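# Architecture and fold: a report
Here is how the chains run, residue by residue.
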Amino acid sequence: MDILIKPVVTEKMERLTDKLNQYGFIVDKRANKLQIKKAIEELYGVTVDSVNTMRYAGKVKTRYTRTGVLVGRTNSYKKAIVTLKEGDKIDFYSNI
């Protein structure tokens, strides 16, 4: 099971990173906190202090077009906010 899907890089997450040394990741819906902690420590070589998770449900979206009403659904996902030990850091932009 591939646990980490992608990092969350938004302005709000950048503020959390600067203030509280927290990073956000979209993770597999079946992963638990221990699996997320182990995956991040192995991938980035940092020490994880705590992991908070939240599940987001998919939403129904409707769009009115010339040909009629289109109905779709957004994906559900799980997000993990990871707090690192003081002094540890993850650089998402090093591969650019």
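Higher on the page you've got the structure.
What you see is a predicted model, and the numbers here were worked out from it, not measured in a lab. (Residues numbered from 1 in each chain as written. Predicted model: local features only at pLDDT ≥ 70, side-chain atom pairs only at ≥ 80, totals over all residues. Heavy atoms only, no water.)

Glancing now at the overall build of the chain. On a plain count of helices and strands, the chain comes out with 2 helices and 6 strands. Computed over the C-alpha atoms, the radius of gyration of the chain is 17 Å, more than 25% above the 12 Å expected from 2.2 N^0.38 for a compact globule of 96 residues. Projecting the C-alpha coordinates of the chain onto the three principal axes gives extents of approximately 55 × 25 × 25 Å. Burial analysis of the chain (96 residues in total) assigns 30% to the buried set. (Helix = DSSP H or I, 4+ residues; strand = E, 2+ residues; numbered from the N terminus. Rg over C-alpha atoms; globule rule 2.2 N^0.38 Å. Buried < 20%, exposed > 50% of the residue type's maximum accessible area, 1.4 Å probe, protein only.)

One finds Phe25, Ile36, Ile40, Leu84 and Ile90 to be the most contacted residues of the largest nonpolar core, which totals 16 residues. Secondary-structure elements contributing two or more residues to this core are strand E2 (22–27), helix H2 (33–44), strand E3 (48–56) and strand E6 (77–84). Ignoring anything within four residues of it in the chain, the contact list for Ile40 reads Leu4, Phe25, Gly45, Val46, Val48, Val82 and Ile90. (Core = buried A, V, L, I, M, F, W, Y, C linked by side-chain atoms within 4.5 Å. Contact = heavy atoms within 4.5 Å.)

On to the sheet that holds E3, then. The strand order E1-E2-E6-E3 describes an open sheet built from 4 strands, whose pairing is antiparallel. Two strands close off the open sheet at either side, each with one partner strand: strand E1 (4–8) and E3. Across the sheet, the axes of successive neighbouring strands diverge by a mean angle of 30 degrees, strand direction being ignored. Against the sheet, helix H1 (residues 11–20) contacts E1, E2 and E6, and its axis sits at roughly 135 degrees relative to E2. On top of the sheet, H2 reaches E1, E2, E3 and E6; it is set at about 125 degrees to E3, its chief contact. (Pairing = 2+ DSSP bridges. Axes fitted to C-alpha atoms, helices over the stretch in contact; angles between N-to-C directions.)

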